[in-house]
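In case you want the letters, here they are:
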Amino acid sequence: MKNSNIHKIIFISLISLLLLCSSLFYNKNSQVFAWGEKEKCVVDPVIETKYAEFPKGKIPIGETTDETEDFAQKIIDELENIYNEGTAEVEEALAERDEAELEIEAAWKLIDLTGPDSCKDCADTPCDPGDCNCIEIEGICVKCSCTPCTGEPCPMNEINNTYNEIENHYNNIEDYYNSLEPRPQNIADSTERIINLIEAENLSDEDPNRWKILNKLLNSRVKLEECLIGYEFALKETKTNMRTLSCEIALDKIYLGELNILGYFEDKIIPFPHCYPYYASETSMFKEFIEENIQPICETNKDSLECREAIRDFMDNYFCCEGK
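Analysis parameters
Note on numbering: residues in each chain are counted from 1, in written sequence order. Per-residue local features are limited, in this predicted model, to residues with pLDDT of at least 70; the limit for side-chain atom pairs, both in listing and counting, is 80 or more; totals at the level of whole chains, interfaces and linings are taken over all residues. The side-chain values count all of the structure's non-hydrogen atoms but skip hydrogen atoms and water molecules. Salt bridges are counted wherever a side-chain nitrogen of Lys or Arg sits within 4 Å of a carboxyl oxygen of Asp or Glu. Helix and strand definitions here come from DSSP, where helices need a minimum of 4 consecutive H or I residues and strands a minimum of 2 consecutive E residues; each element is numbered from the N-terminal end. Between buried and exposed lies partly exposed: a residue is buried under 20% and exposed over 50% of the maximum accessible area for its type, with that area taken using a 1.4 Å probe on protein chains only. Working rule for contacts: check all heavy atoms of both residues, and any pair within 4.5 Å makes them a contact. Working convention: axes come from line fits to C-alpha atoms, limited for helices to the stretch in contact. Angles between N-to-C directions cover 0 to 180 degrees. Just so you know how the angles are binned, under 35 degrees is roughly parallel, over 145 roughly antiparallel, 65 to 115 roughly perpendicular, and the rest oblique. Crossing handedness is read from the near helix: turned anticlockwise from the far helix by less than a right angle, it gives a left-handed crossing, and turned clockwise, a right-handed one.

Engineer: Help me understand the pattern of salt bridges, please; the structure alone is not making it clear to me.
Structural biologist: Oppositely charged side chains are able to pair whenever their charged atoms sit close together. According to the stated counting rule, one finds 19 salt bridges in the structure shown. As a salt-bridge pair, Glu-85 and Arg-183 come within 3.0 Å of each other at their nearest N and O atoms. One end of the pair, Glu-85, is in helix H2 (residues 61–114); the other, Arg-183, is in helix H4 (residues 183–199), and 98 residues separate them in sequence. Using a relative accessible area of 16% as the deciding quantity, one classes Arg-183 as buried.

Engineer: Sorry if this is basic, but what is going on with the side chain of Glu-78 here?
Structural biologist: Considering the arrangement of structural elements, one finds Glu-78 in helix H2. Residues within four places of Glu-78 in sequence aside, it is in contact with Ser-190, Arg-193 and Ile-194.

Engineer: Sorry, what's going on with the packing of H2 against helix H3 (residues 156–180) here?
Structural biologist: The relative placement of two packed helices is expressed as an angle between their axes plus a distance between the axes. Between H2 and H3, the least distance of the axes is 9 Å, while the angle of their chain directions is 160°. As judged from the angle between their axes, H2 and H3 are roughly antiparallel. Crossing geometry of H2 relative to H3 is assigned as left-handed.

Engineer: Is there a simple way to explain the side chain of Ser-284 in this structure?
Structural biologist: Mapped onto the secondary structure, Ser-284 falls in the loop between strand E6 (259–263) and helix H7 (287–293). On the basis of relative accessible area, Ser-284 is assigned to the buried category, the value being 6%. With residues up to four places along the chain from it excluded, the contact list for Ser-284 reads Glu-63, Glu-67, Lys-216 and Tyr-276.

This is how it looks when you write it as structure tokens:
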């Protein structure tokens, strides 16, 4: 559905860095939070008051990454459209100028071909007395019959060809003008589209909302900091043992029976697997796509090749799991 680009690489790098830090903290305090066969942890399902659309235990970094990529790609598409329209406008204007110059040259050529020094009309050419057969009546020359003109005193083929050439140049100029006419408006439309995307105004249902993306990013950053900090200082009795789990890891540990994740993953009303990108929350802009193209495939077997292909371009959400 989406093309990989530099924006996704940047976000993947950030996530990798955060996970590396998490791993370092985990190794440092591994004796405190062991994940045995019957270990339990809780992903808090309570909807936050500060971020009214997110459960407390969910870190919506996967949604944030994918929606940011989509946002960036739409900006890039409009910038490319502006560039292409501007480049085409210059090229077509130069081509129109060249056609006009060629049309002028052909017009001068036509003038030369039809000028008085180049084209003589036989009917208007006075007879040379030496070429005349005069009829004498009563001693008076009353009629002079000139020898008919021969050859082609006017180069009609070249005149016709030059006229057709002028007509072709005119048609080309008209075509270039017609193609140029909408380009300034197209550039203006793309510019306005970029402004709307940045300011989150006049958006369609399929457009990413920049403010919502920033809200998810802030929510993800705060939760990652709280979850990692809580884990880092787990040796202190006042702190809670916590660990970050990706959607993929959480599901694997549930399927393999290595970890009993309570709270968010206990909701039986919503079909399993219960995390993005296998399942889209109400806040995900890809909700409809995931419901139609991923859920039906991945609900029965998330490890199938079909499911892996379906989620190939999506990132995982993460969860802060409080140890018990």
